[in-house]
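If you want the building blocks of each chain, they are given just below.
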Amino acid sequence: MKGAYPTFIKQVGKDFLVYVPDWDNCTSGESLEDAISMGRDMIGVLGITYEDEGKEFPKPSDYKMALEKAKKDKEVMDFSDGILTMIDVDFTEYRRQMDNRAVRKNCTVPYWMTVEADKVGLNYSKVLQDAIARLLNLNYNVGK
């Protein structure tokens, strides 16, 4: 599923502030390009959150409606005089990337076990992934 949302970007000092009225949320970037990227990430994360909570995504506004929302919502600042552009997000691809990203987990094992594991060059992450997959009966490439 893809979506494109009207987005306001306003430079304040060295920062570029981003407001997406349909998602009623803000973020920022260090450059115009970074601001657009951060806006896309924000929408992607919010989309995953909405999906996980069973909420429907907001419908993208047209430019006129987005401008009205920006003029009405001045909680942070008036974004209505910023750059109005569209930011597109491929929610399916964003979900895939987020689900497959590596997440650091800390675990504790006895010292003697680490000595033996290090002798044979054991990959702790792979061992843990394989063990979790087996315990949860997950369809995962165990041992590969």
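Everything in this summary refers to the structure shown in the same document. Computed from a predicted structure; not experimentally measured.

### With respect to the environment of V127
Next, step 1: Mapped onto the fold, V127 is located in helix α5 (residues 124-135).
Next, step 2: A sequence separation of 88 residues divides V127 from G39, and the C-alpha atoms of the two residues are 37 Å apart.

### Observations concerning the packing of helix α1 (residues 32-52) against helix α3 (residues 91-100)
Next, step 1: Running from N to C, α1 and α3 point in directions that differ by 85°, and their axes come no closer than 10 Å. Relative to α3, α1 is oriented roughly perpendicular. Here D41, I43, G44, V45, G47, I48, E51 and D52 of α1 lie close against α3, whose contacting residues are F91, Y94, R95 and M98.
Next, step 2: Looking at the contact of α1 with α3 residue by residue, the class counts come to six nonpolar, two polar and four charged.

### Some thoughts on the sheet that holds strand β1 (residues 2-12)
Next, step 1: Strands sit in the order β3-β2-β1-β4 across an open sheet of four strands; the sheet is antiparallel. Looking at strand neighbours, the two that pair on one side only are β3 (25-29) and β4 (83-90), the edges of this open sheet. Sheet twist, expressed as the mean angle between neighbouring strand axes with direction ignored, is 35°.
Next, step 2: Summarising the sheet, β1 and strand β2 (residues 15-20) pair through five bridges and their orientation is antiparallel. Bridged to Q11 within β2 is F16.
Next, step 3: Where α1 meets the sheet, it contacts β1, β2, β3 and β4, and its direction lies at approximately 145° from that of β3.
Next, step 4: Against the sheet, α3 touches β1 and β4, its axis set at about 65° to β4.

Conventions we followed
- Residues numbered from 1 in each chain as written.
- Predicted model: local features only at pLDDT ≥ 70, side-chain atom pairs only at ≥ 80, totals over all residues.
- Heavy atoms only, no water.
- Helix = DSSP H or I, 4+ residues; strand = E, 2+ residues; numbered from the N terminus.
- Axes fitted to C-alpha atoms, helices over the stretch in contact; angles between N-to-C directions.
- Parallel < 35°, antiparallel > 145°, perpendicular 65-115°, else oblique.
- Contact = heavy atoms within 4.5 Å.
- Nonpolar A, V, L, I, M, F, W, Y, C, P; charged D, E, K, R; others polar.
- Pairing = 2+ DSSP bridges.

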